[in-house]
Amino acid sequence: MSQIILTPENDYIKLALYIHQKMGHKILLVCGQSFLKTKTYQYLKDYTDKNEVKLIHFSDFHPNPDHSSVVRGGEAAHREDCDSIIAAGGGSAIDVAKCIRHDTGIEHLLAVPTTAGSGSEATHFAVVYCQGVKKSVDCGIPDAVLLDSSTLDSLPNYQRKVTMLDALCHGIESFWSGNSTHESMLHSKEAIRSIMDNWEAYLQNRPAGNAGMLRAAHRAGQAINLAQTTAGHAMSYQLTKRYGIAHGHAAALCVAKLWPYMLDHMDQCIDARGLGYLETVLSAIAKAMGGQSAEDGPGQFQSILDGLDLEAPVCSRKELPALAAGVDPVRLKNFPISLTVKDIEGLYRQILVERG
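Since the structure is predicted, the reported quantities are computational estimates derived from the model, not experimental observations.

## A few points about the sheet that holds strand β4 (residues 84-89)
Spatial ordering of the open sheet is given by β1-β8-β5-β4-β2-β3, a layout of six strands whose pairing is parallel. Each having just a single partner strand, β1 (4-6) and β3 (54-58) make up the two edges of the open sheet. The average angle at which neighbouring strand axes cross in this sheet is 20°, direction not considered. Relative to strand β8 (residues 144-146), strand β5 (residues 108-113) is paired through two bridges, and the arrangement is parallel.

## Some remarks on the packing of helix α8 (residues 231-243) against helix α14 (residues 341-351)
Any two packed helices are characterised by how steeply their axes cross, that is the angle between the axes, and by the distance between the axes. The N-to-C vectors of α8 and α14 enclose an angle of 55°; their axes lie 12 Å apart at closest approach. Relative to α14, the element α8 lies oblique. Two packed elements cross with a definite hand, and for α8 against α14 that hand is right-handed. Contact residues: M235, Q238 and L239 in α8; I344, L347, Y348 and I351 in α14. Here the contact of α8 with α14 is built from residues that sort into six nonpolar, one polar and no charged.

## Regarding the pairing of strand β6 (residues 125-130)
Regular strands have side chains that alternate between both faces of the sheet. Taken together, the six bridges between β6 and strand β7 (residues 133-138) define a ladder with antiparallel strand orientation. When the bridges of β7 are listed, Y129 appears paired with K134. Connecting β6 to the antiparallel partner β7 that follows it, the hairpin turn spans two residues, and Q131 within it adopts a positive phi of roughly 50°.

## Side note on the environment of K98
Take K98: it is sitting in helix α4 (residues 91-104). Accessibility expressed as a relative area gives 0% for K98, which makes it buried. Separated by 70 residues in the primary sequence, K98 and L28 place their C-alpha atoms 12 Å from one another. With near-sequence residues (within four places) excluded, K98 lies in contact with L109, S120, T123, H124, F125, A126, C139, G140 and P142. Here F125 takes part through its backbone oxygen, which lies 2.7 Å from a polar atom of the side chain of K98.

## Topic: the nonpolar core
Ranked by size, the top nonpolar core spans 67 residues in total, and within it W176, W259, F301 and Y348 carry the most contacts. If one sorts the elements of this core by residue count, helix α9 (residues 247-264) sits on top with eleven residues. Ignoring anything within four residues of it in the chain, the contact list for W259 reads I172, W176, L282, I285, M289, G297, P298 and F301.

## Overview of the side chain of H170
Examined against the element boundaries, H170 turns out to sit in helix α5 (residues 157-176). Classification of H170 by relative accessible area gives buried; the value is 3%. Engagement of the side chain of H170 in a polar contact is seen with the side chain of H233, the distance being 3.1 Å. Beyond its immediate chain neighbours, meaning those up to four positions away, H170 contacts G117, S118, A220, I224, T229 and H233.

## Let's talk about the side chain of T229
Along the polypeptide, T229 turns up in the loop between α7 (207-227) and α8. By relative accessible area, T229 is classed as buried at 7%. Side-chain polar atoms of T229 contact the side chain of R331, separated by 2.8 Å. In this structure T229 touches H170, E173, I224, R331 and N334, once residues within four positions along its chain are discounted.

Cut-offs used in this document
- All chains use their own residue numbering, which begins from 1 and follows the written sequence.
- The predicted origin of the model limits local features to residues at a pLDDT of at least 70 and limits the giving and counting of side-chain atom pairs to 80 or more, whereas totals for whole chains, interfaces and linings rest on all residues.
- Side-chain numbers here rest on the full set of heavy atoms in the structure, without hydrogens or water.
- When DSSP finds at least two bridges between two strands, those strands are taken to pair.
- Helix numbering and strand numbering both begin at the N terminus, where a helix is a DSSP run of H or I of at least 4 residues and a strand a DSSP run of E of at least 2.
- Axis definition: a line fitted to C-alpha atoms, limited for helices to the stretch in contact. Angles are taken between N-to-C directions and run from 0 to 180 degrees.
- If an angle is under 35 degrees, it is roughly parallel; if it is over 145, roughly antiparallel; if it lies from 65 to 115, roughly perpendicular; otherwise it is oblique.
- Take the far helix as your reference; a near helix turned counterclockwise from it by less than a right angle gives a left-handed crossing, and one turned clockwise gives a right-handed crossing.
- The contact rule is simple, with two residues in contact once any of their heavy atoms fall within 4.5 Å.
- Residues are grouped as follows: Ala, Val, Leu, Ile, Met, Phe, Trp, Tyr, Cys and Pro are nonpolar; Asp, Glu, Lys and Arg are charged; every other residue, Gly included, is polar.
- Residue exposure (1.4 Å probe, protein chains only): buried if accessible area is under 20% of the type maximum, exposed if over 50%, otherwise partly exposed.
- Counted as a polar contact is a pair of N or O atoms within 3.5 Å, where, for protein atoms, one must be capable of donating a hydrogen and the other of accepting one, and residues adjacent in sequence contribute only when both atoms are in side chains.
- To form a nonpolar core, buried Ala, Val, Leu, Ile, Met, Phe, Trp, Tyr and Cys residues must be joined to one another through side-chain atoms within 4.5 Å.

Put into structure tokens, the structure is as follows:
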């Protein structure tokens, strides 16, 4: 499906036309409270009030959302006889909305990302938890996305950092993924280049940096939609679950150790396209980040991570086997180097700060 990309130019005229043509007169708005303070929401409210379109607010969800939130959202949509859905927020809001559409059969979904990180607005899958177990649900891509960088203006500093890292890890992991295609690698390369061009201005909350980072995160989402993520994300979920750090923070800590490990274990290549192909890909990733050769990549990534002043969680040695055993083996199959449970345990030992 070809996704329609809307922008806020000319006082949101493209958004107005899309709502008028596609979204009917009752819209379920899935969003958190922070979205209600944005310029985008104010326009949306003014437009719907003037054009007799009813917005039904749904915000009964949390980060790492549970499927029960999807059920309650679907009930609200049925109760109000909603014609369409607008999802505004980070990955949790958009994933909940995608699942609501999937479960209810509502036709149109417009996504409005308010962080530059998850890429959920560009992917066909959604992550929800069922009785504490993470599930990836194939929901289809949102029909349209509004890329309005003004929604990033009030991002807290920590969220600004970790969502950027999530997007960068998406670009890198999708690039070296065993599922990569020519199309996905084009998205990966452009996402990485755009992040490198904009990350400093983005961290300073400058408009051009915000706009560039929002586009880069969307491009990275398009990449993982085709190629999926790999060991970095597979390992990151355990860190978020056990130590409470943000997803992008956890993914970056994992990628920072996996990347040099891969270069040191190229003889364990399991990508069906061969070792020479993998060497070419790793060189291309490093060059997209501004380096000259494959060996430059880990250092470039670590330099960015070091500049963000993000700490690794503290653990005890006895926690490491359980961490390694909890990693999803399906995601590991996308990683181009063979990893055993013992290898993963050793990587966690490098990632985490061991309690004395």
